[in-house]
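Geometric and topological summary
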Amino acid sequence: MTPAVADPSAGITDPQAAALVAHAFETISRRYVENRHQIAAALLDAEGAVHSGLHLDAMVGRAAVCAEAGALSAARLATSAPLVMVAAVRYPKPSETSGARIVPPCGLCRELLLDHAPDLQVCVPTDGTVRILPLTQLLPAKYVGTKWPAPVLPTHV
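Below you will find a few notes about this structure. (Residues numbered from 1 in each chain as written. Predicted model: local features only at pLDDT ≥ 70, side-chain atom pairs only at ≥ 80, totals over all residues. Heavy atoms only, no water.)

Thoughts on the overall build of the chain
Looking only at helices and strands, one finds four helices and six strands in the chain. Starting at the N terminus and ending at the C terminus, the chain contains elements arranged as α-β-β-α-β-β-α-β-β-α. Compactness check: the chain gives a C-alpha radius of gyration of 15 Å against a globular reference of 15 Å for 157 residues, within 12% of the reference. Taking the principal axes of the C-alpha coordinates as reference, the chain spans close to 55 × 40 × 30 Å. For the chain, with 157 residues in total, the buried portion stands at 39%. Total accessible area computed for the chain in this model is approximately 9,000 Å², and 57% of it derives from carbon and sulfur atoms. (Helix = DSSP H or I, 4+ residues; strand = E, 2+ residues; numbered from the N terminus. Rg over C-alpha atoms; globule rule 2.2 N^0.38 Å. Buried < 20%, exposed > 50% of the residue type's maximum accessible area, 1.4 Å probe, protein only. Areas by Shrake-Rupley, 256 points an atom, 1.4 Å probe, with all protein chains shown as cover.)

A short note on unusual backbone geometry
Its identity as a non-glycine residue notwithstanding, N35 has a phi of 65 degrees, on the positive side. Relative to the helices and strands, N35 resides in the loop between α1 (15-31) and β1 (39-45). The exposure class assigned to N35 is exposed, which follows from its relative accessible area of 55%. Of note, the phi angle at D127 is positive, near 50 degrees, even though the residue is not glycine. Owing to a relative accessible area of 82%, D127 belongs among the exposed residues under this scheme.

Describing helix α3 (residues 107-116)
If you check which residues of α3 are buried, you get C109, R110, L113 and L114. Axial view of α3: buried residues confined to an arc of 130 degrees, hence all on one face. Buried positions along α3 lie against α2 (67-78), β3 (83-90) and α4 (135-138). (Arc of directions from axis to C-beta. Contact = heavy atoms within 4.5 Å.)

Notes on the nonpolar core
Formed by 21 residues in total, the largest nonpolar core has its most connected members in I12, V21, I28, V89 and C123. Elements with a minimum of two residues in this core: α1, β1 and β3. No other element matches the seven residues that α1 contributes to this core. Setting aside chain neighbours within four positions, we find I28 in contact with H37, Q38, I39, A40, L54, V89 and Y91. One finds A75, L113, L114 and L120 within the second-largest nonpolar core, a separate group that totals 20 residues. (Core = buried A, V, L, I, M, F, W, Y, C linked by side-chain atoms within 4.5 Å.)

Notes on the side chain of H55
Note on placement: H55 falls in the loop between β2 (50-54) and α2. Engagement of the side chain of H55 in a polar contact is seen with the backbone nitrogen of Q38, the distance being 3.1 Å. Residues contacting H55, with those up to four places away along its chain left out, are R36, H37, Q38, I39, V65, C66 and A67. (Polar contact = N/O pair within 3.5 Å; in protein donor to acceptor, adjacent residues only side chain to side chain.)

Concerning α1
Look at α1: 24 Å from first C-alpha to last across 17 residues, which is about the 24 Å you get at 1.5 Å a residue. Every buried residue of α1 is listed here: A17, A18, L20, V21, A24, F25, T27 and I28. For α1, the elements touching its buried residues are β1, β2, β3, β4 (101-103), β5 (121-126) and β6 (129-134). (Expected span 1.5 Å × (residues − 1).)

Structural notes on the pattern of salt bridges
A side chain with one charge may pair with a side chain of the opposite charge, provided their charged atoms come close. Under the definition given, this model contains two salt bridges. With a shortest N-O distance of 2.5 Å, E26 and R30 are connected by a salt bridge. Here E26 and its partner R30 are both found in helix α1, four residues apart, which amounts to about one turn of the helix. Close ionic contact of R90 with E96 constitutes a salt bridge, the shortest N to O distance being 2.9 Å. The class for E96 is partly exposed, based on a relative accessible area of 28%. (Salt bridge = Lys/Arg side-chain N within 4 Å of Asp/Glu carboxyl O.)

As structure tokens, then:
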């Protein structure tokens with residue numbers, strides 16, 4: 001019998017962050033498939049709805065889709081409301097002894113999320129706790145192209 005995996009939202013004091021982490025954990029707990037689905041993300045919009053995304057691995061690594069990208073797509077299908085906060089949870093492989101853990105967005109997802117939600121907050125694990133930070137702090141030198149008018153990114157010191 002497989003041992004139970006603990007929900008990493010325990011101990012998070014911010015209620016929105018705790019709810020998002022719990023949602024992502026519950027999603028990946030139900031949908032985990034080794035070498036297919038390792039991470040789930042939950043994205044909160046300004047109207048209070050939560051949008052889920054599931055990591056889709058692929059034989060060709062470049063074809064894989066991150067959970068945050070899936071959550072962003074789901075959110076944009078459902079609403080045009082501003083996006084407020086994101087959290088992602090990685091489920092452990094059967095060979096791992098560590099539990100489920102909160103993970104920050106990868107670099108590609110940081111770029112993508114900031115293109116669509118310049119004020120987004122992100123749940124980040126630090127020193128055994130979870131901090132809620134502006135995503136701009138994780139990507140201080142975001143690329144700004146010329147495809148469409150660039151959003152004005154908040155500056156945080």
